[in-house]
Amino acid sequence: MGGIVQFDNVGLRYGTGAETLSDISFTLAPGTFHILTGPSGAGKTSLLKLLYLAQRPSRGLIRLFGEDIVTMPRARLPGFRRRIGVVFQDFRLVPYLSAYDNVALPLRVAGVSEKELDGPVREMLAWVGLANRATARPATLSGGEQQRVAIARAVIGRPELLVADEPTGNVDPEMAGRLIHLFDALNKLGTTIVVATHDIHLIGRVAHAQMMRLDRGRIADPTGALRHPPSRPAA
Amino acid sequence: MKLFVPFAESRLMPDTRLAGPMPWVIAIMMFLMVLAAASGLALAQAARAMGGDLAHRATIQVVEANADIREAQARAALAMLARHPAVADAKRVTDAEIAALLEPWLGGEAMGGDLPVPALIDVTLRPGNDADRLAPALAKAAPAARIDDHAQALAPLTGLLAALKWLAAALVVLMAAATTAVVVLTARGALTSHRATIDVMHLLGATDLQIARLFQRRIAIDAFAGGLLGLAGAIAVVVLLGVRLAALGSELVGSLTLAWWGWALLAALPVAGMLLAMFAARWTVIAALRRIL
Ligand SMILES: Nc1ncnc2c1ncn2[C@@H]1O[C@H](COP(=O)(O)OP(=O)(O)OP(=O)(O)O)[C@@H](O)[C@H]1O
Ligand SMILES: [Mg+2]
């Protein structure tokens, strides 16, 4: 079946060491919500990097939006990246841009005009509770505030796929709940979501979320549900 | 191809114009380049003027002590030259003109005496002919005649001018190459110091061209500012030198002038430098980006 993401026997090896990821196979149906867990160093970030096209696998097949991205020419990748929203584990805000400009970045890259982007950017900043910090540089924001800017930047373009690496690591439980609510709202609009987290509270927050567990570079899939997932449960 | 970025994209890079040494290095390069180009152009102009005025001319001297024979041969030579196909014009230099030429050396009375002065004929050749073509006919008409070929006499000077002209051109090319190297180094430095930002933009779906445009814009602005500064300095020097040379009043030096298109060419150098810098930056950034996924 055609998922929005399809991994088939994917392996990833950095340099010449042992494989960081081995035999990863799963399919994500459009509009589903996935929570990726696993101990530190299991390879969660590595797996997400393959998803947001920062890395090509050493072996195996990856299909994204129905196309093979392993053999895809480099020039076509930017178009795919624009359909994916990413919350990086280390935020990666642009240090000399204000919170506003950081959030506006994906829209500007995509060529949206200033007039059209102003409303959505302000709305998104308000959503993450940073309406009054729009002009602040990342260095003057707290860790949690930076994380919220990173999340706002990831979702502003209404991506088809949202990939978030520990998106609630630096915020209090109440803000974590708000952010998860934001992801959920986006999910209801049709975005497929993959969140990597250690946060036990988060795991119970989204009722329809499907769990994926990584351990030492391998995905636990005892029932085979990840390979051949049921279609999205009715909400 | 979009060379300049719209405002929205330009805000993605901090505007640190005229920071760092590149504009100043480019100003110095442009200063030297404009001076070299100006001298090259002036030399080319002088060489052309010299070629036009003198290369097609020759002087024929009839050197004969006996005044009657000299006069007869001079007339015969003139008659022959008037019919010769290689000759556009042949004119006897009058005794009064010769006297005027010799006066500074021999004093006013020389012509009155018996001093044997050669008879002179000024010949203008048709284009594509040289004075040697006249020799056989001339030997028949006037055995005492000698051909004085101006082009040959000037050959060492025109050779020198041509060599200097090429030297100036080589200097311009070398300085353009050095400027390119400076730009490439600057672009590489900028790439390194903005590495994190580039990675983020890349992952947000920015194309190589979008990222390259951010750099090429800033570098083009810096290069243009530096180029204008260098041009202004060099033009000031050229104008001052021109004033000094004009004061000398020498005819040879006087031909060292620039035509309007020479000035236009000099003024175009900063623009050319800017374009060169822009494409060098663009190429450097794109080549570096190709190495990441
Ligand atoms: N760029 C890299 N080069 C070499 N090794 C790497 C690189 N990135 C990650 N690794 C290694 O791959 C393994 C998995 O790292 P990864 O970051 O994917 O783990 P993680 O599950 O995200 O951990 P955490 O929960 O701490 O974020 C680790 O052993 C790490 O050292
Ligand atoms: Mg990680």
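Small disclaimer: the values here were computed from a predicted structure and weren't measured.

(A) Up close: the side chain of Asp184(A). Residue and element names in this part refer to chain A. Its location among the elements puts Asp-184 in helix 6 (residues 173-188). Its relative accessible area of 15% is what places Asp-184 among the buried residues. If sequence neighbours within four positions are ignored, Asp-184 has contacts with Phe-33, Val-206 and His-208.

(B) Just the interface of chain A and chain B, in detail. At the junction of the two partners, chain A supplies 23 residues and chain B supplies 22 residues. In total, about 2100 Å² of surface goes out of reach between chain A and chain B, with carbon and sulfur atoms giving 63% of it. Per-residue buried area on chain A facing chain B is highest for Arg74(A), Arg81(A) and Tyr96(A); these three make up 32% of the total on that side. In this structure, the connection of chain A to chain B is made through one salt bridge. Between Arg74(A) and Asp208(B) there is a salt bridge, and its shortest N-O distance comes to 2.8 Å.

(C) Summary view of the packing of helix 5 (residues 143-155) of chain A against helix 6 of chain A. Residue and element names in this part refer to chain A. Running from amino to carboxyl end, helix 5 crosses helix 6 at an angle of 5°, the nearest separation of the two axes being 12 Å. Taken together, the axes of helix 5 and helix 6 lie roughly parallel to each other. Side by side, helix 5 and helix 6 meet where Arg-148, Ile-151 and Val-155 of the first sit next to Met-175, Leu-179, Leu-182, Phe-183 and Leu-186 of the second. For the contact of helix 5 with helix 6, the class distribution of residues is seven nonpolar, no polar and one charged.

(D) Highlighting the UniProt feature "transmembrane region" (unreviewed entry) in chain B. Residue and element names in this part refer to chain B. UniProt feature "transmembrane region" (unreviewed entry): in the numbering of this structure it lies at residues 21-44, 166-187, 223-246 and 258-281. Helix makes up 96% of residues 21-44 and strand 0%, and the two end C-alpha atoms of the span are 34 Å apart. Annotation note: span residues 223-246, helix share 100%, strand share 0%, distance between end C-alpha atoms 34 Å.

(E) View of the pattern of salt bridges. Summed over the entire model, instances satisfying the criterion amount to 16 salt bridges over all chains. Note that Glu67(A) is salt-bridged to Arg76(A), the shortest N-O span being 2.9 Å. Among the ionic pairs, Glu71(B) bridges to Arg75(B), the shortest N-O distance being 3.3 Å. Linking Glu71(B) with Arg75(B), this pair stays in helix 3 (residues 67-83), spanning four residues, or about one helical turn. The partly exposed category is assigned to Glu71(B), whose relative accessible area is 28%. Overlapping salt bridges bring together Glu19(A), Asp23(A), Arg59(A) and Arg218(A) as one network.

Rules used throughout
Residues numbered from 1 in each chain as written. Chains lettered and ligands numbered in written order. Predicted model: local features only at pLDDT ≥ 70, side-chain atom pairs only at ≥ 80, totals over all residues. Heavy atoms only, no water. Helix = DSSP H or I, 4+ residues; strand = E, 2+ residues; numbered from the N terminus. Buried < 20%, exposed > 50% of the residue type's maximum accessible area, 1.4 Å probe, protein only. Contact = heavy atoms within 4.5 Å. Buried area = accessible area lost by both parts, 1.4 Å probe. Salt bridge = Lys/Arg side-chain N within 4 Å of Asp/Glu carboxyl O. Axes fitted to C-alpha atoms, helices over the stretch in contact; angles between N-to-C directions. Parallel < 35°, antiparallel > 145°, perpendicular 65-115°, else oblique. Nonpolar A, V, L, I, M, F, W, Y, C, P; charged D, E, K, R; others polar. UniProt positions renumbered as here; feature names shortened; annotations may be inferred.

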